Amino acid sequence: MNQSVADQNSRTVGIWLMAVAAIVFIMVVVGGITRLTESGLSIVRWEPVTGALPPLTDEAWQAEFQLYQASPEYKLKNAGMSLEDFKDIYFWEWLHRNIGRFIGLAYFLPLVWFWMRKQIPEGLKPRLVVLFLLGGAQGTMGWYMVMSGLVDEPSVSHYRLTAHLSLALLLFALLFWTGLSLLRTSWQEAPKGLKILTHVSMTILVLQIVMGALVAGLKAGYIFNTWPLMGDSFVPDVLLDMEPVWRNFLDNAVTVQFDHRIGAYVLAALALVIGVKAWGQGGLVRQAGVLVLLTVFAQIVLGIVMLLAEVPVHLGAAHQGGGVVVLAAFLNLMHVMRKGARDAG
């Protein structure tokens, strides 16, 4: 295979992976809407194939509604809900699941096509198989999460929700990084200190994203809707009320919101330093560093506005999507500072 054909194959596969990453981004946003509208427990069966179609007749809708009426959520929270109201929450969960199905098809079918036509760049096949398996694991984790809210309490496990969202973001990150590796043709060397700072900041960002998922799972955004104080103080009294102490960082909604706030402040400071240092480098590093700075501060402002507004659906979904944008900005900066061998590493 000559070099021009190999380059064209790399570009084609890279565009495909970026397109799938974009659909994963949409799924994360719709997942946020599904959670914020409390729609996630409206479909009580997992039917990966037949569930792609919604009920099409009045009888089918009544049958689906009867299944929901037997669930803990209906009995304990939504008793007396009308069929029309049920259709509203059903829609978001159905859409969320169908985007997941679409991602599976948008990934698997082109993968088979590129594989058969020998268009996959050398050394990339194992990673593409891992990405396919990770997508399957993400769908399975989604149902495992829903199951936790169909037993006794009409609330999903915040641990499972965190795992579900974290898997989605890992999938996005791997798709985005691999796509960049196939599409990018220019890199720029940068000082070791800036690279280390960027990697440290990425670690903080990952922790911040996980903490944000715990905030969502514990509905911690609905308490202390004030800023910069939490109620009457910067550090609330009940921060370490649970025993043993470590449980507060996972199960105490107040502590989780506090930690998420502190994580935002730390990340803002790091992003500011990154922006200043990257500006001095010029070129691609300057562009990527400024993008990191702008996305971090935009996300923080959005988070504050959302909190003060008591988490309306549109702002909550935007904030969840904003986390993905910040992640992409950091990945882009890390990638542009790599030594410029063109591979999918």
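Here the structure is a predicted model, which means the values were calculated and not measured.

### Some remarks on the overall build of the protein
For step 1, the next point in the chain: Looking only at helices and strands, one finds eleven helices and zero strands in the protein.
For step 2, the next point in the chain: The linear arrangement of helices and strands in the protein, starting from the amino end, is α-α-α-α-α-α-α-α-α-α-α.
For step 3, the next point in the chain: Computed over the C-alpha atoms, the radius of gyration of the protein is 22 Å, within 12% of the 20 Å expected from 2.2 N^0.38 for a compact globule of 345 residues.
For step 4, the next point in the chain: Within the protein, the fraction of its 345 residues that count as buried is 48%.
For step 5, the next point in the chain: Summarising the internal contacts of the protein: among those between residues at least 6 apart in sequence, 78% fall at separations of at least 24.
For step 6, the next point in the chain: Per element, the accessible surface of the protein, about 16,800 Å² overall, is 69% carbon and sulfur.
For step 7, the next point in the chain: Seen as two clouds, the 24 positive and the 23 negative side-chain charges of the protein have centres 16 Å apart.

### Digging into the pattern of salt bridges
For step 1, the next point in the chain: Counting across every chain of the model gives eight salt bridges.
For step 2, the next point in the chain: In this structure, the salt-bridge partner of Glu-64 is Arg-45, at a minimum N-O distance of 3.2 Å. One end of the pair, Glu-64, is in helix H2 (residues 58-69); the other, Arg-45, is in the loop between helix H1 (3-36) and H2, and 19 residues separate them in sequence.
For step 3, the next point in the chain: On the accessibility criterion, Glu-64 (8% relative accessible area) is buried.
For step 4, the next point in the chain: Given the relative accessible area of 36%, Arg-45 is considered partly exposed.
For step 5, the next point in the chain: One salt bridge in this structure joins Glu-189 and Lys-195, with 2.9 Å as the shortest N-O distance.
For step 6, the next point in the chain: Look at Glu-189 and you get partly exposed, because its relative accessible area is 48%.
For step 7, the next point in the chain: With a relative accessible area of 21%, Lys-195 lands in the partly exposed category.

### What about the nonpolar core?
For step 1, the next point in the chain: By size, the foremost hydrophobic cluster in this structure holds 68 residues, and its most contacted members are Trp-16, Tyr-107, Leu-128, Leu-175, Leu-327 and Phe-330.
For step 2, the next point in the chain: For this core, the secondary structure elements donating two or more residues are H1, helix H4 (83-116), helix H5 (125-147), helix H6 (158-183), helix H7 (192-218), helix H9 (253-281), helix H10 (283-308) and helix H11 (313-336).
For step 3, the next point in the chain: With 13 residues, the single largest contributor to this core is H6.
For step 4, the next point in the chain: Setting aside residues up to four positions removed in sequence, Leu-128 forms contacts with Trp-16, Leu-17, Tyr-107, Leu-111 and Ile-120.
For step 5, the next point in the chain: Core analysis: the second largest hydrophobic core is formed by eleven residues, Ile-43, Trp-61, Tyr-68 and Trp-94 among them.

### A short note on the packing of aromatic side chains
For step 1, the next point in the chain: Applying the stated rule across the entire model yields 17 aromatic pairs.
For step 2, the next point in the chain: Taking the centre distance of 5.4 Å and the plane angle of 35 degrees together, the rings of Phe-108 and Phe-132 count as tilted. Of this pair, Phe-108 sits in helix H4 while Phe-132 sits in helix H5; the two residues are 24 residues apart in sequence, bridging distant segments of the chain.
For step 3, the next point in the chain: On the basis of relative accessibility, which here comes to 35%, the residue Phe-132 falls in the partly exposed class.
For step 4, the next point in the chain: Just above the ring of Tyr-144 sits the side chain of Arg-160; from NZ or CZ to the centre is 3.6 Å.
For step 5, the next point in the chain: The ring of Trp-279 has Arg-286 lying over it, and the distance from NZ or CZ to the ring centre is 4.2 Å.

Thresholds applied
- Residues numbered from 1 in each chain as written.
- Predicted model: local features only at pLDDT ≥ 70, side-chain atom pairs only at ≥ 80, totals over all residues.
- Heavy atoms only, no water.
- Helix = DSSP H or I, 4+ residues; strand = E, 2+ residues; numbered from the N terminus.
- Rg over C-alpha atoms; globule rule 2.2 N^0.38 Å.
- Buried < 20%, exposed > 50% of the residue type's maximum accessible area, 1.4 Å probe, protein only.
- Contact = heavy atoms within 4.5 Å.
- Areas by Shrake-Rupley, 256 points an atom, 1.4 Å probe, with all protein chains shown as cover.
- Lys, Arg positive; Asp, Glu negative; His and termini not counted.
- Charge placed at Lys NZ, Arg CZ, Asp CG, Glu CD.
- Salt bridge = Lys/Arg side-chain N within 4 Å of Asp/Glu carboxyl O.
- Core = buried A, V, L, I, M, F, W, Y, C linked by side-chain atoms within 4.5 Å.
- Phe/Tyr/Trp six-rings, centres within 6.5 Å; stacked < 30°, edge-to-face > 60°.
- Lys NZ or Arg CZ within 6 Å of the ring centre and 35° of its normal.

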